[in-house]
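# Descriptive analysis of the structure
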Amino acid sequence: MDVLIVSGMEKRAVIELRNVYKAFDGVPVLEGLNLTVLEGETLVIIGRSGTGKSVTLKHIVGLLTPDHGKVLVLGRDLSTLGLKELLSLRLRIGYLFQGGALLNWLTIAENVALPLREHRPELSEPEIRDIVDSKLRIVDMLHARDKLPEEVSGGMKKRAGLARAIVLDPSIILYDEPTSGLDPVMANAINELVVHTKEVTGATQVVVTHDMQSAYCIADRIAMLYEGRIIEVGSPEQIKESTNPIVRQFVRGETKGPITDGESKPALSEINVREGGSR
Ligand SMILES: Nc1ncnc2c1ncn2[C@@H]1O[C@H](COP(=O)(O)OP(=O)(O)OP(=O)(O)O)[C@@H](O)[C@H]1O
Ligand SMILES: [Mg+2]
């Protein structure tokens, strides 16, 4: 695993995407994407809708494979793994899907128990119940353990999805738009939960969002995805004060600028493309 020096401290690279290209039906989505996620950090990926944020997360769990380039997770090159090895690596990764992906016919507690039933056959029913309830307690959902997903709010579904994502004690947690569609109070509660989960579990986290308030609140570093590449990585303060016109327009939510102004859009080569973060 690569070791990077950040703020004078050595940090291991837990996830690395190296020069990743991915196209669907000839339409390029990722075009030479480089990204390093360090042990124990929360890295937030920002970018407009349809730029490939979810596609990037799916590469990290091997649900998608790159056309070119490499994906390394916990020191393993995913392209060298057989299915069995990939599945066992995935057990160390929690994934909060964009849509929540709870099964409607199972209670909240049964949804959270699913990964345990599938991957920990040695556990007894009381043991499963104890683990499920401990995770539901972390996300403040214990009171709703026996409800069906349709009986709880959108924010509660997200929290239940998070409990399921962490039920196998993963060392990596991926969150796809954890606050989208939530009111500001619930969005803040989820942000606090993301910070709290990192503190409690020590996991390395990658969060995809286009909500800048969330990004500033939870990120150790923020990476901006644009036209298939990470065009800048930095601390929340660095991103807030970025001089890159594309990053500036995005984080300020301005309607006029290089992102939307096709005529005057500068080529990526003309702007200061910084990759790899605080190397
Ligand atoms: N399995 C797939 N097959 C074909 N095209 C796909 C597939 N997955 C993603 N795409 C395309 O790749 C592009 C990027 O999609 P992606 O879902 O990663 O966007 P996103 O940045 O997550 O957007 P949003 O913020 O709306 O969730 C889109 O044009 C999408 O249609
Ligand atoms: Mg998405």
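In this text, all values refer to a predicted model and were calculated from it rather than measured experimentally.

### A closer look at the overall build of the chain
- Helix and strand counts for the chain stand at nine helices and eleven strands.
- Taking all 279 residues of the chain together, the buried fraction comes to 38%.
- For the chain, long-range pairs separated by at least 24 residues make up 66% of all intrachain contacts whose partners lie at least 6 apart in sequence.

### Regarding the site of ligand 1
- Every residue near ligand 1 is listed here: F24, V29, G47, S49, G50, T51, G52, K53, S54, V55, Q98 and H210.
- When residues in the shell around ligand 1 are grouped by element, the largest group, three residues, is from helix α1 (residues 53–60).

### Here we look at the sheet that holds strand β9 (residues 204–208)
- The strand order across the open sheet formed by six strands is β7-β8-β9-β4-β10-β11, and the pairing between neighbours is mixed. Taken across any chain shown, the strands that pair with only one partner, and hence form the sheet edges, are β7 (93–96) and β11 (229–234). For this sheet, the mean inter-axis angle between neighbouring strands, taken without regard to orientation, is 15 degrees.
- Both strand β4 (residues 42–46) and strand β10 (residues 221–226) contribute to a ladder of four bridges, which runs parallel. Bridge pairing links I46 to M224 in β10.
- Here helix α6 (residues 184–201) sits on the sheet and contacts β4, β8 (172–176) and β9; the angle it forms with β9, its principal contact strand, is near 165 degrees.

### Description of helix α4 (residues 125–138)
- Its 14 residues place the ends of α4 20 Å apart at the C-alpha level, agreeing with the 20 Å of an ideal helix rising 1.5 Å per residue.
- Every buried residue of α4 is listed here: V132, K135 and L136. The buried residues of α4 all sit within an arc of 100 degrees when viewed along its axis, so they share a single face. Exposed residues lying more than 90 degrees from the buried face of α4 are P126, E127, D130 and S134.
- At its buried positions, α4 is contacted by α3 (108–119) and α5 (154–165).
- Of the residues one or two after α4, D140 is the one with positive phi, at around 55 degrees.

### Comments concerning the environment of A215
- Inspection of the secondary structure assignment puts A215 in helix α7 (residues 212–218).
- When the 25 C-beta atoms within 10 Å are taken as the criterion, A215 is described as buried.
- Along the primary structure A215 and I46 are separated by 169 residues, whereas in three dimensions their C-alpha atoms are 7.8 Å apart.
- A215 has contacts with V44, I46, T209 and I222, leaving out every residue within four places of it along the chain.

### Thoughts on the packing of α3 against α5
- Put simply, α3 and α5 touch, their axes get as near as 8 Å, and they point 25 degrees apart. Taken together, α3 and α5 sit at an angle that is classed as roughly parallel. Here α3 runs over α5; the crossing is right-handed. Contact residues: α3 offers I108, N111, V112, L114 and P115, while α5 offers A160, A163 and R164.
- Each residue belonging to the contact of α3 with α5 can be placed in one class, and the counts come to six nonpolar, one polar and one charged.

### Overview of unusual backbone geometry
- A positive phi angle, near 50 degrees, is found at N19, a position not held by glycine.
- Inspection of the secondary structure puts N19 in strand β2 (residues 9–24).
- For N19, a count of 14 C-beta atoms within 10 Å puts it in the partly exposed group.

### Some thoughts on α1
- K53, T56, L57, H59 and I60 are the residues of α1 that are buried. Here the buried residues of α1 occupy an arc of 155 degrees about the axis, which is enough to place them on one side.
- Taken from the residues just after α1, G62 is the one with a positive phi, measuring 75 degrees.

### Details of the packing of α3 against α4
- With their axes 9 Å apart at the nearest point, α3 and α4 run at an angle of 120 degrees to one another. On the basis of the axis angle, α3 is oblique to α4. Note that α3 runs across α4; the crossing there is right-handed. Contact residues: α3 offers A109, V112, A113 and L116, while α4 offers I128, I131, V132, K135 and L136.
- Per-class residue counts for the contact of α3 with α4 are eight nonpolar, no polar and one charged.

### Digging into the confidence of the model for the chain
- A residue-level look at the chain finds 90% of positions with pLDDT of 70 or above and a mean pLDDT of 88.
- Below pLDDT 50 for its whole length, residues 274–279 participates in 14 contacts with residues either more than four positions away or in separate chains.

### Describing the environment of L72
- Topologically, L72 is positioned in strand β5 (residues 68–73).
- Overall, the presence of 20 C-beta atoms within 10 Å leaves L72 in the buried class.
- Sequence separation between L72 and A13 is 59 residues; the distance between their C-alpha atoms is 9.1 Å.
- Other than its neighbours up to four places away in sequence, L72 contacts E16 and D77.

Rules used throughout
Residues numbered from 1 in each chain as written. Chains lettered and ligands numbered in written order. Predicted model: local features only at pLDDT ≥ 70, side-chain atom pairs only at ≥ 80, totals over all residues. Helix = DSSP H or I, 4+ residues; strand = E, 2+ residues; numbered from the N terminus. Buried ≥ 20, exposed ≤ 12 C-beta atoms within 10 Å, placed from the backbone. Contact = placed C-beta atoms within 7 Å. Near = placed C-beta within 6 Å. Pairing = 2+ DSSP bridges. Axes fitted to C-alpha atoms, helices over the stretch in contact; angles between N-to-C directions. Expected span 1.5 Å × (residues − 1). Arc of directions from axis to C-beta. Parallel < 35°, antiparallel > 145°, perpendicular 65-115°, else oblique. Left-handed = near helix turned anticlockwise from the far one by under 90°. Nonpolar A, V, L, I, M, F, W, Y, C, P; charged D, E, K, R; others polar. pLDDT = per-residue confidence, 0-100.

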